[in-house]
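# Summary of the model geometry
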Amino acid sequence: MCEPTEAEGDHSFGTGTALISVSWELAGTWAVRVEGAASLETADLIVEEMARQLGEATGETALWHRVSG
């Protein structure tokens, strides 16, 4: 289950122990970041899926970054 939360970025929400932030960046791209996931693999899966969905929904490129912590 996802819960909206206040954090950096245009849209932020929490799920489990992870905090996901999505920001509209320069050059028509979205940046998706995740912090506090159970593992880096889990973080990658969450962010990769968010990037895919944002790209499909907006027709804009969605970038994703591995964030540890």
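Scroll up a little and you will see the structure.
Let me sum up the structure you'll find in this document.

Conventions used here
- Residues numbered from 1 in each chain as written.
- Predicted model: local features only at pLDDT ≥ 70, side-chain atom pairs only at ≥ 80, totals over all residues.
- Heavy atoms only, no water.
- Helix = DSSP H or I, 4+ residues; strand = E, 2+ residues; numbered from the N terminus.
- Polar contact = N/O pair within 3.5 Å; in protein donor to acceptor, adjacent residues only side chain to side chain.
- Buried < 20%, exposed > 50% of the residue type's maximum accessible area, 1.4 Å probe, protein only.
- Core = buried A, V, L, I, M, F, W, Y, C linked by side-chain atoms within 4.5 Å.
- Pairing = 2+ DSSP bridges.
- Salt bridge = Lys/Arg side-chain N within 4 Å of Asp/Glu carboxyl O.

## So, the environment of threonine 42
Within the secondary structure, threonine 42 is located in helix H1 (residues 40-58). Distance in space between the C-alpha atoms of threonine 42 and alanine 18 is 9.3 Å, their sequence separation being 24 residues. Within the structure, the side chain of threonine 42 is placed 3.0 Å from the side chain of serine 39, a separation counted as a polar contact.

## Some remarks on the environment of valine 47
For valine 47, the location among the structural elements is in helix H1. Classification of valine 47 as buried rests on a relative accessible area of 1%. The spacing of valine 47 and isoleucine 20 is 27 residues in sequence and 7.8 Å in space, taken between C-alpha atoms.

## What about the nonpolar core?
Membership of the largest hydrophobic core comes to 14 residues, with the highest contact counts inside it found for Ile20, Val22, Val32, Val34, Met50 and Leu54. Secondary structure elements with two or more residues in this core: strand S3 (18-25), strand S4 (29-35) and H1. Per-element tally for this core: the top contributor is H1, with 5 residues.

## What about the pairing of S4?
Counting buried residues in S4 gives 5 out of 7 residues, a clear majority hidden from the surface. Pairing geometry for S3 and S4, over 7 bridges, is antiparallel. Looking at the pairing, leucine 19 lines up with glutamate 35 of S4.

## Considering the pairing of strand S2 (residues 11-15)
Two strands pair when backbone bridges link them, and S2 and S3 are joined in this way by 5 bridges, in the antiparallel orientation. Bridge assignment links threonine 15 to a residue of S3, and that residue is alanine 18. From the end of S2 to the start of S3, which pair antiparallel, there are 2 residues, and glycine 16 there has a positive phi angle of about 60°.

## Quick notes on the pattern of salt bridges
One pass over the structure, following the stated rule, counts 2 salt bridges. A salt bridge links arginine 52 to glutamate 49, with the shortest nitrogen-to-oxygen separation between them at 2.5 Å. Placement of the pair is arginine 52 and glutamate 49 together in helix H1, with a separation of 3 residues, close to one helical turn. Using a relative accessible area of 39% as the deciding quantity, one classes arginine 52 as partly exposed. Taking the relative accessible area as the measure of exposure, glutamate 49 reaches 32% and is therefore partly exposed. Notably, a salt bridge pairs arginine 52 with glutamate 56, separated by 2.7 Å at the nearest N-O pair. Here the residue arginine 52 and the residue glutamate 56 both occupy positions in helix H1, the gap between them amounting to 4 residues, near one helical turn. It is possible to trace a salt-bridge network through shared partners that takes in Glu49, Arg52 and Glu56.

Taken by themselves, the reported measurements are silent on function.
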